[in-house]
There are 2 protein chains.
Amino acid sequence: MRILNLLNFAEIFIYLKTTGFMFFDSHVHTEGLGVSELRKMKEAGIERVCSLSFYPIRPHFPQTLIDNFRKMEEFERRRCEALGIEMIPGVGIHPRCIPPNYETVLEHLEAGEWVLFGEIGLENATEEEIDVLTSQLRIAMEKDIPCIIHTPRGNKRAVTEKIIQILDKLSFPAELAVIDHVNYENLDLVVERNYWIGLTVQQGKLLPEDVAEIVKKYGNEKFMVNSDAGYGNEFVNAVAETARLLGKDAGRICFENCRKFLRYAPNPR
Amino acid sequence: MRILNLLNFAEIFIYLKTTGFMFFDSHVHTEGLGVSELRKMKEAGIERVCSLSFYPIRPHFPQTLIDNFRKMEEFERRRCEALGIEMIPGVGIHPRCIPPNYETVLEHLEAGEWVLFGEIGLENATEEEIDVLTSQLRIAMEKDIPCIIHTPRGNKRAVTEKIIQILDKLSFPAELAVIDHVNYENLDLVVERNYWIGLTVQQGKLLPEDVAEIVKKYGNEKFMVNSDAGYGNEFVNAVAETARLLGKDAGRICFENCRKFLRYAPNPR
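Analysis parameters
Residues numbered from 1 in each chain as written. Chains lettered and ligands numbered in written order. Predicted model: local features only at pLDDT ≥ 70, side-chain atom pairs only at ≥ 80, totals over all residues. Heavy atoms only, no water. Contact = heavy atoms within 4.5 Å. Buried area = accessible area lost by both parts, 1.4 Å probe. Salt bridge = Lys/Arg side-chain N within 4 Å of Asp/Glu carboxyl O. Polar contact = N/O pair within 3.5 Å; in protein donor to acceptor, adjacent residues only side chain to side chain. Helix = DSSP H or I, 4+ residues; strand = E, 2+ residues; numbered from the N terminus. Nonpolar A, V, L, I, M, F, W, Y, C, P; charged D, E, K, R; others polar. 1 Å grid on protein atoms, 1.4 Å probe; cavity = no way out; pocket = protein on both sides within 12 Å on 5 of 7 lines; lining within 4 Å. Points joined across faces, edges and corners; volume = space filled by probe spheres on them. Patch = residues over 30% accessible without salt bridge, like charges linked within 9 Å, V, L, I, M, F, W, Y side chains within 5 Å. Areas by Shrake-Rupley, 256 points an atom, 1.4 Å probe, with all protein chains shown as cover. Lys, Arg positive; Asp, Glu negative; His and termini not counted. Charge placed at Lys NZ, Arg CZ, Asp CG, Glu CD. Buried < 20%, exposed > 50% of the residue type's maximum accessible area, 1.4 Å probe, protein only. Pairing = 2+ DSSP bridges. Right-handed = clockwise from strand over helix to strand, strands pointing away.

Novice: Describe the interface of chain B and chain A, with residues and values.
Specialist: Contacts between the two partners involve 28 residues from chain B, matched on the other side by 28 residues from chain A. Surface buried jointly by chain B and chain A totals about 2400 Å² across both partners, of which 56% is contributed by carbon and sulfur atoms. Contact with chain A buries surface across chain B, with Ile57(B), Asp67(B) and Arg70(B) losing the most and accounting together for 21% of the total. For the pair chain B and chain A, the number of links is two salt bridges. Between Glu234(A) and Arg39(B) there is a salt bridge, with the nearest N and O atoms lying 2.5 Å from each other. The tally of links between chain B and chain A comes to 16 residue pairs in polar contact (both at pLDDT 80 or more). Elements with a minimum of two residues in the side of chain B that touches chain A: helix 2 (35–43) and helix 3 (62–82) of chain B. When residues in the side of chain B that touches chain A are grouped by element, the largest group, ten residues, is from helix 3 of chain B. Taken together, the residues of the side of chain B that touches chain A sort by class into ten nonpolar, eight polar and ten charged.

Novice: So what about empty space enclosed by the protein? Which residues, and what values?
Specialist: Per the counting criterion, the structure on display carries three cavities of 30 Å³ or more. Here the largest cavity defines a volume of roughly 40 Å³. What lines the largest cavity is Glu31(A), Phe54(A), Tyr55(A), Pro56(A), Asn68(A), Lys71(A), Tyr231(A), Tyr55(B), Asn68(B) and Lys71(B). Counting only elements with at least two residues in the lining of the largest cavity, the list comes to helix 3 (62–82) of chain A together with helix 3 of chain B. Here the lining of the largest cavity is built from residues that sort into five nonpolar, two polar and three charged.

Novice: If you had to explain a negative patch on the surface to someone new, which residues and values would you point to?
Specialist: All names here are of chain A. A cluster of acidic residues, Glu103, Glu107, Glu110, Glu127, Asp131 and Glu142, forms a negative patch at the surface. For the negative patch, the secondary-structure elements that each account for two or more residues are helix 4 (103–111) and helix 5 (127–143). On the secondary structure map, Glu110 appears in helix 4.

Novice: Give a detailed account of the pairing of strand 1 (residues 23–28) of chain A, specifying residues and quantitative values.
Specialist: Residue and element names in this part refer to chain A. With six of its six residues buried, strand 1 lies for the most part within the structure. Note: strand 1 against strand 2 (residues 46–52), four bridges, orientation parallel. In the sheet register, Asp25 faces strand 2, and the bridge partner there is Val49. Note that the unit made of strand 1, helix 2 (residues 35–43) and strand 2 has a crossover that is right-handed.

So, in structure tokens, the structure goes:
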């Protein structure tokens, strides 16, 4: 496998294609991607994605999110499948999209059957955000649902500490949590814990080179790469480009760890 | 201007650029377009678009549409502007997206200030659809709001007749209505009336050549071209490609008529 480091991307692509191994992007927003962008993603070898809930303005009504979850499970999933991308929808209240009467959304989450919660998390760590996150984590524990947890761009370190405090207080099962958008600002806080760690490759976040460096230092056991593509972010092949640099670690970091986190059926290929 | 017919698209583009004349796509769904697709649209010379309301599943709640209108007016408009595209949001209940208790949405439309209604119209011409369309047209008359009216793919002729019947019954001002997605199946029904006529250039709808033929036969007074781009449809430069074939008529059909319909300030360039 070490020889892969020396090959170019096209060769790796052919290698992965012939061995039946492809990529898993653990965090995208397909609602903010056009059909030509989804096709580009598929062509780069990304065959599975977690598409996470996010509403680009703060909704005035909890019902908007409830319909949005169904839109993702029905329409968006179908749209991806038509292009050969298996899409796992994540539902939940993003900390920037908390509607008034959010209890209605929590009741809906409590009552339904879900594969994945995300993105949930904290943005400014307000009391309301903390209540919304804690309530969603409680539902996830009770129903055994994996969670993708957003950490913000600003004040990242302090907010990550707050998230860890909340997880600890709940004794939240580490294997059910991805702490996402981790970078050099908060890496040391999470790398000694047992959570999964999401590395977002995106302008202004991490570069593929950063991921390679982090994996070299800390091993390939708990990281998963994602693009956070959608809306303003069109870098849909971030996971494939990172895999190119990772060489022998690509299998774990760009597919297998996300599959394990989701306790997903083994890749049938 | 006739020489334009002989030039290739790049030359027309440069010509339009230097003379300050660009294109107006009267019917898109920017919510279903990625940022790279919007950029492609802008690069093709499309500088103004009407982005129309459509929710890709039938919502369970009227509130979903109310938040969606605001999402278009705030988030989507900003997203387009950042790429240099002026976006005019159309709001309203599409006949395929009628929620339960749709009266709540009608009351919201009645209470607000709007630039454009669309897409409204009929899909199967059910009693519910007819009530929703009629109510929206009444609000439009009262508040003097231009309306883009969808005609369906199936049973197009009969449903178009029904729409015209509703418009006649209301004595709806012809200059406030675009009958959209008109093709050879229903063209004769609308071409003798005074409504604006929307021609959608898209696979399975009309080709640029069809538009050229229609305009040659019926003149350039009442037609406007659109792409209906978004979600599954990535043909974002349909209006520019049609303009290339239209030559001297492009100014009217691909910009000026839509500007007039919207009673929009003259192009400042």
